[in-house]
Structures are given as structure tokens and as C-alpha cells.
Amino acid sequence: MICYSILGPFFPKEAGRKGANDTVVGMIFGCFALFNLIFSLLLGKYIVQIGAKFMFVSGMFISGCCTILFGLLDKAPDGLVFIVLCFVVRSMDAIGFSGCVTASFSILAATFPNNIATIMGLLEIFAGLGLVMGPPIGGFLYQMFGYEVPFIAVGCIALSMVPLNMGILPNYGGIASSVSFWKLLAIPKVTLVCLIVFSVSSCIGFLDPTISLFLTQKFNLHSGYIGLVFLGFAVSYALSSPLLGYLSDNLPRIRKWLLLVGSWLIAVSFSFLGPAPIFHIKCQLWMFVLMLVFSGFSLSLSGIPVFPEIITCVYENGFEEGLGTLGLVSGIFGAWWCLGSFVGPTLGGYLYEKLGFEWAAVIQGSFPLFFGSLLGLYFIVVTFHKRRSVSGIHADEERAPLIPN
């Protein structure tokens, strides 16, 4: 996650000097997610054939190498050459990242089948630490040593983890699944929950390119301070994740409420990030940080229960338990997450350029509001249908004769 988040405080400004406008910067952030989406599906489908351990280790190696290469792009000529190389290296990094993440989800779900949400919550601590540490470390190293050092340092750390994981991780086997992703998406609940995944991911991705630009323009903050502002979001997301994961595992009946309430709270927090011009509230730095903290909690509230909810729904619909099915679920989860990570920064960069941060945040916050409302409507329809079915069964029992003919 540090490899992913380290760009936030300084890359938009550096890319602007090399001839990339706000929309192109958003697309550079977004292309990572686009390739991550494609390869999450492919690698999730063939995880048994490739091997979960090999996929995890090789993905980490590719991501580390590409991070180092990205740090050398300041030597490239300005304009089109720099932009093209950014897209190429960032896309290759995404392929390695998708293999690493898809394999890690499958390994954890196979190892801890009864505590998936808790483990996911603990995993989000380290993901949150990556989000926390990436921007301030990146901003500090950029100010002290320039563009190259942040990427080279983080890339070397990632590469150092490769031999460690080769020695620690066991080999995971399983039966390849013959089911396609389309059969998963044919389940209405799975599709609706995946739309929640998309909205949560797009909100997180939206913040990457826009916060740096907004804080620089509005408050004239330097890269190091911008990295510290990111702490408000990442700390609240990381600290709330394990608690929500524990609640989700031990009280599975409340997962739907976590999903719904979280989706609606995201919309509220994003409306006050700017804040929205309709509120006629003057933007202040303390309020911006407070809303980032609230956004981090809201995104965790809605995002943590989705993976175990999809797995539970898939098993309830007759899918076989095993690494093959877990690979499919991990792939489809990663694909929707990556789709949101592509749409978030890409659309965010465009809306920021055309409408400004305030309205861009409101539009982005409307995604989880809309999809959360759709999921709530689905739960209402399912509950109503179950009650009618139970009433019909009781009515048939009452009409049945006490003594059969």
C-alpha cells in the first residue's frame, strides 16, 4: 500500500511540471486500477493452476521493481514521452499488485474460514498503515532528497519481502472452479454488494489526486504537511477496521446495517469536505481534517463487511467451498475495487478541473448514497417476500385437515 499511496503529496505537482494536466494526472492514477481490474479477474480464475504462493511472491517482486522504475521517470523528456512512460510503468505495477492482493485474500480466507471479516479488518490495519505512512514518508523524502528517493526506498523494501515470504508461506492446493464470474454476478445480492465495493473504492481513489491539489490551492500547504493531512483519513480507517471486522464475524445479522449506514454516512462526509457550496460554510483546515476522519470511519463501516458477505452469499447459493471459489470471489472483489479505483481518480481529476473540489466531492459522495439505497431496497423486498412465504405456509397448514382421508 505504501507503493500505491506514496505518490499522493507530490506526484500531481511534479507531473504538472512535466506537462501533464489535472485530467491526465487522474488518468495516471486511474490506469493502475484499470489493469488491476483486468488481471484480478484473470488471476482469480486461474489461481489454482498458477498457485497462490507463487502468485503472491511474484506479484510482490514485479510491484517492487516497477516502483523503483517509476522513481526514474523524472529523467524522461517532458510532455508525451513522460506521460506514456508513466502509464506503462504504472500499468505493469498494477499487474504485480493484482497478483499479490488476489492471492493474499484467497490465502487468508482459506486459512481462517470462520473469521474472515476479523482477519480482513486486521489486514486493513496494515493497509491503513500503508496509506498512513506512504504520504508523509513520500512527502518528507521528496522534500529532503527529490523525486527519485521515495520510490527507490519503498521499492527496495518491497523486494526485501520476497525471499521472506518464499520461506514462510506454505503451498496451497485446491480444485479449480469451473464456474464463471458471470454466474456469481447473476446473484442479485452479490452484484449489489459489489456496487458498494465499487463506490467505496471510488471514494478512496477520488481523494488521491484531488486532496493534494485542493490543499495546495486553498491553504498553500507544502508536500510534507499534505502528507500529514492524509493521516486523518488513514488512521480512522485503519483503527476502526478490526473492530468492525470482529462485529461482522460475531454478529453477521448486522452486516447489512453496517453496509447501509456506512454508505449513507460516506455521502454526508463528502458533502462537508469542501464543503458543498449550498451549505454556505467557509472552508477551514480543521473542518477538512475532521471530515476526512469521519470519511475514513464511514468507508471502513461500509467496506469491511463486503468480502465475508459475498462469500456467505455464494456458499448459500450452492457454490462449492475451496480455493477455486475463494479465488473467484477474491478476483471479483478485486475487480470491482479496481474499477472504483479507476473511476474515482479519473472522474475526480476531471470534475476537479471543471467544477472545483467542492462539487466534485458531492458528486463522488452520491455514488455510495445511490448504491446503498438500492441495496436497502433489495433487503426490504427480500424481507417482504420471506414474510409472505411464511404466511402462506401457515395458511396452508391451517387449511390442512387434522385427519387425512
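Residues numbered from 1 in each chain as written. Predicted model: local features only at pLDDT ≥ 70, side-chain atom pairs only at ≥ 80, totals over all residues. Heavy atoms only, no water.

Caption draft 1: A look at the overall build of the protein chain. When its secondary structure is counted, the protein chain shows 16 helices and zero strands. Per-residue burial for the protein chain yields a buried fraction of 55% across its 405 residues. Element-wise, carbon and sulfur atoms account for 71% of the exposed surface of the protein chain, whose accessible area totals about 17,800 Å². (Helix = DSSP H or I, 4+ residues; strand = E, 2+ residues; numbered from the N terminus. Buried < 20%, exposed > 50% of the residue type's maximum accessible area, 1.4 Å probe, protein only. Areas by Shrake-Rupley, 256 points an atom, 1.4 Å probe, with all protein chains shown as cover.)

Caption draft 2: Highlighting the pattern of salt bridges. Per the counting criterion, the structure on display carries four salt bridges. With a closest N to O distance of 2.9 Å, Lys-18 and Asp-78 form a salt bridge. Within this pair, whereas Lys-18 is found in the loop between helix 2 (11-17) and helix 3 (22-45), its partner Asp-78 is found in the loop between helix 5 (52-70) and helix 6 (80-111), the two being separated by 60 residues in sequence. Given a relative accessible area of 9%, Lys-18 falls into the buried group. With a shortest N-O distance of 3.1 Å, Glu-148 and Lys-75 are connected by a salt bridge. With Glu-148 in helix 8 (residues 148-168) and Lys-75 in the loop between helix 5 and helix 6, the pair connects residues that are 73 residues apart, well separated along the chain. The buried category is assigned to Glu-148, whose relative accessible area is 17%. The class of Lys-75 is exposed, set by a relative accessible area of 63%. (Salt bridge = Lys/Arg side-chain N within 4 Å of Asp/Glu carboxyl O.)

Caption draft 3: The arrangement of the nonpolar core in detail. Leu-273 and Phe-288 are the most contacted members of the largest nonpolar core, which totals 58 residues. With 16 residues, helix 10 (residues 188-219) is the largest single contributor of residues to this core. Setting aside chain neighbours within four positions, we find Leu-273 in contact with Leu-207, Phe-288, Met-291, Leu-292, Phe-357 and Ala-361. The next biggest cluster of nonpolar side chains, apart from the first, holds 21 residues, and it includes Leu-7, Phe-29, Phe-82 and Tyr-147. (Core = buried A, V, L, I, M, F, W, Y, C linked by side-chain atoms within 4.5 Å. Contact = heavy atoms within 4.5 Å.)

Caption draft 4: Up close: helix 14 (residues 306-316). Summarising burial for helix 14: eight of the 11 residues are buried, a large majority. Taken residue by residue, helix 14 has Val-306, Phe-307, Pro-308, Glu-309, Ile-310, Ile-311, Cys-313 and Val-314 as its buried positions. Directly after helix 14, the chain includes Gly-318, whose backbone phi takes a positive value near 95°.

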